[in-house]
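Structural features, examined
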Amino acid sequence: MFEIVSRRDLSPNITEMKVKAPRVAQSAQPGQFVIVRVDELGERIPLTICDYDREKGTVTIVTQTIGISSAKINSLKQGDAFTDFAGPLGRPSDLLELPEEELKKQRVLFVAGGVGTAPVYPQAKWLKEHGVTADVIIGAKTKDIFTYVDEMRKVANVYLCTDDGSEGFHGMVTGLMKDLIERQGKQYDRCVIIGPMIMMKFAALATREYNIPTQVSLNALMVDGTGMCGACRVTVDGQTRFTCVDGPEFDGHKVDFDEAMRRQSMYRDNRKTHPETHNCKCHG
Amino acid sequence: MANRIPRVPVREQDPARRATNFEEVCYGYNDEEARLEASRCLNCKAPRCMGACPVHINIPAFVARVAAGDLAGAAAVIGADSSLPSVCGRVCPQENQCEGSCVLGIKSEPVAIGKLERYVGDWAIAHRDELPVSPAPRNGHKVAVIGSGPSGLACASDLARMGYEVKIFEALHKVGGVLVYGIPEFRLPKERIVAEEVKSVKDLGVEIETDVIVGRTLTVDDLLDREGYDAVFIGTGAGLPRFMGIEGENLNGVFSANEFLTRTNLMHAYDDSFDTPIYTGRKVVVVGGGNVAMDAVRTAKRLGAEAVIVYRRSEAELPARKEEVHHAKEEGIEFRMLTNPVRVVGDDKGWVKGIECVEMTLGEPDESGRRRPVEKEGSNFVIDCDVVVMALGTSPNPLIKSTTEGLQCNRKGCIEATEDGATSREGVFAGGDAVTGAATVILAMGAGRKAAAAIDSYIKSKPRQ
Ligand SMILES: Cc1cc2nc3c(=O)[nH]c(=O)nc-3n(C[C@H](O)[C@H](O)[C@H](O)COP(=O)(O)OP(=O)(O)OC[C@H]3O[C@@H](n4cnc5c(N)ncnc54)[C@H](O)[C@@H]3O)c2cc1C
Ligand SMILES: Cc1cc2nc3c(=O)[nH]c(=O)nc-3n(C[C@H](O)[C@H](O)[C@H](O)COP(=O)(O)OP(=O)(O)OC[C@H]3O[C@@H](n4cnc5c(N)ncnc54)[C@H](O)[C@@H]3O)c2cc1C
Ligand code: SF4
Ligand code: FES
């Protein structure tokens, strides 16, 4: 069992939990994720590692309520425990592979949207620890649902945007990217985008125009997370890849986003996960 | 003469009923049936069955004890060579092994060795409390076992019996490898059989830690250097699924057999009290002809779909156990032989609506000695379906190889190991599907036991520090 040592609400449907998982904390790197199970009946749910404390043996996760399983996770309290907390899974961020000298010179832009903000944090923090202060664009529909802004400000230059203009730049992340690059004359050597699939698709289209090498972190459906089932397969550069072992980060200019989005929505109309929308034309 | 008695038939769940539930198909012999069947054995001087058993169980000796009603004795005879009789009795391809060589099979039917083995194994589980367990005194050495499939369990239990402190590290949340995530409940009951086998391994003092992915959570070198293990056994299986590489394979509704079976078996998707969903559609086409394909297609049927096997060779070449093919047919599975998929067809929303296939004929034999299937040009046709399951085989996961320096693997990604499991790395042993590629439970179990013996002599030969 993996105990929740602290828990706080970041917004009405997003919570942050620090979980005691010494082995995961020991090996975790930015860009990796865990698979958790709430109880013996639960699904195996992938969640990005948002921070880790090797000394205390804790790993931080941030979960947005979407359906049954994420709601179950967010109903847990401090002192409760996950039945399973396996990881770290996936490959660490490509940033970690850069030679020290090259890394120092990197001008990095992160683009975060929705619950993708917290997963950007460990990468921005890691860069800061390695002497690089990155720019981070955080996008939200409206100002009340920003998360992780204060944390992020400690490790990076933060630029906010809202769809309704209630805070920061008025517009979407792609608009703010354009503003930074074209109006403010910013230059970037690489970009990392984490957020909803549709946002990653359009943000990656934008960076392609500016010729900025781009990584996106894909949240495909998963079961085992170890390369055993292929549920997480995506097409990158015309090749089938398994998100859980070959990713989760891939070249954002080569991902087939339309296929990825279609595959991700596979259980959106399922009897078990979404009884309210399931119109029984099948046995699933 | 004893062999005038016909082979005692085994009682099974009615096909129409069992095709709608996940309970075990075969009920097994009762005491009377087992004794009668055992009495058919001729107790051959040079038993052919034994030679054909991959781990050389002394078959006439155990069968004779069953005939005499000495089940503890029978269990002890099998136990000398196999640690998973209730599992192997159920899943071994007996027709190619012991039973395929039984001398009675020449003129009539072979002794039902598998069913008798299962009978003895189940008896041993039920009477475990009465059987002596003798964990040896601890010898002060530690061995780590990676993977809790048959090879890992067998290696761990042998080492524990020799006095080693053994810990199994398993990536998944449940123990048993393919026995829990792959082979379905209706062939191998999870609680009654697999969990009991695991319990007996634990009773020997073996510790099991789940949720540890070696190569990610920690590495083989961490185990040796940081965690103080004297040796490591790698029994990580061959879990990586293969796809055909044809058009439409990433449409919604195409699954690997591993995913389809894992959702059902490991995650209990068929049971509404569990959260994991599964999509079964109305008609499921399973591509392949091995045990995995049979398990997937029979699972689909039980989930309520019409279920079809598509296989590119003919029935004679089906690599699955004969019994599974027979059971599948009884359950109403459709078999489309000499048929090979060329494309999965999708609807405008990206969901499967059919599978385009070509007819095949059998040509000259290939390297494997089987006749090579050749496409009949222009014979393309579409089978309507909404789910396609690819059961084309698996290969070892590259994770351990890529994170363990100096561990030699062959072209196919299998770990290179000697007959007794020694790898290119000192103190690192391997066995089972990770070494051979996808094979059988009995071979994996045998490899685990051989490696245990080799690990014992390796550690004993090391100078004491
Ligand atoms: C590598 C990775 C990292 C992730 N990191 C985070 C994170 O840090 N915080 C967070 O809140 N969410 C994260 N997600 C998404 C999270 O796993 C899903 O939101 C969650 O599985 C939804 O389950 P549900 O039952 O609540 O939703 P439902 O919509 O009811 O789910 C139905 C089915 O689809 C699956 N599913 C639905 N949406 C997703 C999705 N976006 N990704 C994967 N599977 C999905 C579910 O597992 C379930 O089987 C991540 C996903 C991946 C693959
Ligand atoms: C659906 C199906 C049906 C089958 N039917 C039959 C049959 O009827 N008869 C028969 O004889 N054989 C059958 N087989 C084959 C048989 O199950 C395998 O040959 C056997 O299980 C191999 O045993 P193993 O110990 O080598 O590996 P596995 O049983 O594959 O176990 C390996 C274990 O290692 C774990 N693991 C992998 N990587 C790591 C890691 N990095 N760190 C930690 N743990 C790890 C896995 O999660 C798994 O639990 C079938 C296989 C399948 C898939
Ligand atoms: S070959 Fe058949 S008859 Fe002979 S010992 Fe083996 S099981 Fe008995
Ligand atoms: S989640 Fe099963 S292979 Fe990636």
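Parameters and conventions
Residues numbered from 1 in each chain as written. Chains lettered and ligands numbered in written order. Predicted model: local features only at pLDDT ≥ 70, side-chain atom pairs only at ≥ 80, totals over all residues. Heavy atoms only, no water. Helix = DSSP H or I, 4+ residues; strand = E, 2+ residues; numbered from the N terminus. Rg over C-alpha atoms; globule rule 2.2 N^0.38 Å. Buried < 20%, exposed > 50% of the residue type's maximum accessible area, 1.4 Å probe, protein only. Areas by Shrake-Rupley, 256 points an atom, 1.4 Å probe, with all protein chains shown as cover. Near = heavy atom within 4 Å. Polar contact = N/O pair within 3.5 Å; in protein donor to acceptor, adjacent residues only side chain to side chain. Nonpolar A, V, L, I, M, F, W, Y, C, P; charged D, E, K, R; others polar. pLDDT = per-residue confidence, 0-100. Pairing = 2+ DSSP bridges. Right-handed = clockwise from strand over helix to strand, strands pointing away. Domains from an automatic or database assignment. Contact = heavy atoms within 4.5 Å. Buried area = accessible area lost by both parts, 1.4 Å probe. Salt bridge = Lys/Arg side-chain N within 4 Å of Asp/Glu carboxyl O. Axes fitted to C-alpha atoms, helices over the stretch in contact; angles between N-to-C directions. Core = buried A, V, L, I, M, F, W, Y, C linked by side-chain atoms within 4.5 Å.

A few points about the overall build of chain A
- Along chain A, the regular secondary structure elements total nine helices and 17 strands.
- A compact globule built from 284 residues should have a C-alpha radius of gyration of about 19 Å, and chain A, at 18 Å, falls within 12% of that.
- Overall size of chain A, expressed as C-alpha extent along the three principal axes, is 55 × 50 × 40 Å.
- Here chain A holds 284 residues, and 58% of them are scored as buried.
- Of the roughly 11,700 Å² of accessible surface on chain A, 49% is carried by carbon and sulfur atoms.

Remarks on the site of ligand 1
- Lining the immediate surroundings of ligand 1 are 26 residues, of which A:E43, A:P46, A:V62, A:Q64 and A:S70 lie closest.
- Per-site note: the chains with residues close to ligand 1 are chains A and B.
- A:Q64 is positioned with one of its backbone polar atoms (N or O) 2.7 Å from an oxygen atom of ligand 1.
- Across the complex, the protein chains shield 93% of the 820 Å² of accessible surface that ligand 1 would expose by itself.

Remarks on the site of ligand 3
- In the neighbourhood of ligand 3, the contacting residues comprise B:C41, B:L42, B:C44, B:P47, B:C49, B:P60, B:C102, B:V103, B:V111 and B:I113.
- Class assignment of the residues belonging to the shell around ligand 3 gives a composition of ten nonpolar, no polar and no charged.

Examining the confidence of the model for chain B
- Summary statistics for chain B give a mean pLDDT of 92 and a share of 98% for residues scoring 70 or more.
- ipTM for the predicted complex: 0.90, alongside a pTM of 0.93.

Re the sheet that holds strand β12 (residues 169–170) of chain A
All names here are of chain A.
- With mixed pairing, seven strands are arranged side by side in an open sheet as β12-β11-β10-β9-β13-β14-β17. The sheet terminates laterally at β12 and β17 (249–251), the two strands that pair on one side only.
- Pairing geometry for strand β13 (residues 190–194) and strand β14 (residues 214–217), over three bridges, is parallel. The partner of I193 across the bridge, within β14, is V216.

Things to note about the pairing of strand β9 (residues 108–113) of chain A
Residue and element names in this part refer to chain A.
- Of all six residues in β9, six are buried, a share of seventy percent or more.
- When β9 meets β13, the two strands line up parallel, connected through five bridges. Within the sheet, the bridge partner assigned to F110 lies in β13 and is V192.
- Relative to strand β10 (residues 134–140), β9 is paired through five bridges, and the arrangement is parallel. For A112, the partnering residue across the bridge sits in β10 and is I138.
- In this fold, β9 hands off to helix α4 (residues 117–129), which returns the chain to β10; that crossover is right-handed.

Examining the domain arrangement of chain A
Residues and elements named next belong to chain A.
- By domain assignment, chain A separates into domain 1 (2–89) and domain 2 (94–217).
- For domain 1 versus domain 2, the separation of C-alpha centres amounts to 24 Å.
- The interface is formed by 15 residues belonging to domain 1 together with 13 residues belonging to domain 2.
- Summing both partners gives a buried area of about 1,200 Å² for domain 1 against domain 2, and 64% of it is carried by carbon and sulfur.
- Area buried by domain 1 at its contact with domain 2 is led by P30, C50 and D51, which between them contribute 38% of it.
- Where domain 1 touches domain 2, the interface holds two salt bridges.
- Across the salt bridge formed by R8 and E151, the nearest N and O atoms sit 2.5 Å from each other.
- Across the contact surface, domain 1 and domain 2 share three residue pairs in polar contact (both at pLDDT 80 or more).
- Among the secondary structure elements, those contributing two or more residues to the side of domain 1 that touches domain 2 are β1 (2–11), β2 (14–20) and β6 (58–64).

Describing the sheet that holds strand β8 (residues 84–89) of chain A
All names here are of chain A.
- If you walk across this open sheet you meet the three strands as β4-β3-β8, and the pairing is antiparallel. At either margin of the open sheet sits one strand with a lone partner, and together these are β4 (45–48) and β8. For this sheet the average axis-to-axis angle between neighbouring strands, irrespective of direction, equals 25°.
- Sheet topology note: the strand β3 (residues 33–37)/β4 ladder contains four bridges and is antiparallel. Across the sheet, the residue bridging to V34 is L47, located in β4.

Side note on the interface of chain B and chain A
- Listed per partner, the contact involves 53 residues of chain B and 50 residues of chain A.
- In total, chain B and chain A occlude about 4,100 Å² of area from one another, counting both sides; carbon and sulfur atoms represent 51% of this.
- Counting the surface chain B buries against chain A, the share from its top three residues, B:R216, B:N250 and B:D275, is 20%.
- For the salt bridge of B:E209 with A:R23, the shortest nitrogen-to-oxygen distance reads 2.7 Å.
- The tally of links from chain B across to chain A stands at 23 residue pairs in polar contact (both at pLDDT 80 or more).
- Of all elements in the fold, only β2 (165–169), β5 (240–241), β6 (254–256) and α14 (257–266) of chain B reach the threshold of two or more residues within the side of chain B that touches chain A.
- Here the side of chain B that touches chain A is built from residues that sort into 21 nonpolar, 18 polar and 14 charged.

Describing the nonpolar core
- Among the nonpolar cores identified, the biggest contains 79 residues, and B:I59, B:F62, B:V66, B:L116 and B:I455 are the most heavily contacted of them.
- Of all hydrophobic cores here, the second largest spans 58 residues; its members include A:F33, A:A260, B:L251 and B:V308.

Regarding the domain arrangement of chain B
Residues and elements named next belong to chain B.
- Under the domain assignment, chain B is made up of domain 1 (2–130), domain 2 (142–239 + 396–461) and domain 3 (240–394).
- With 24 residues of domain 1 at the interface, the matching set in domain 2 holds 22 residues.
- For the pair domain 1 and domain 2, the two sides together bury roughly 2,000 Å², of which 67% comes from carbon and sulfur.
- Inspection of the region where domain 1 meets domain 2 yields two salt bridges.
- Inspection of the region where domain 1 meets domain 2 yields seven residue pairs in polar contact (both at pLDDT 80 or more).
- Only α6 (85–91) and α9 (113–126) provide two or more residues apiece to the side of domain 1 that touches domain 2.
- The element that contributes the greatest number of residues to the side of domain 1 that touches domain 2 is α6, accounting for six residues.
- Classifying every residue of the side of domain 1 that touches domain 2 by side-chain character gives 13 nonpolar, five polar and six charged.

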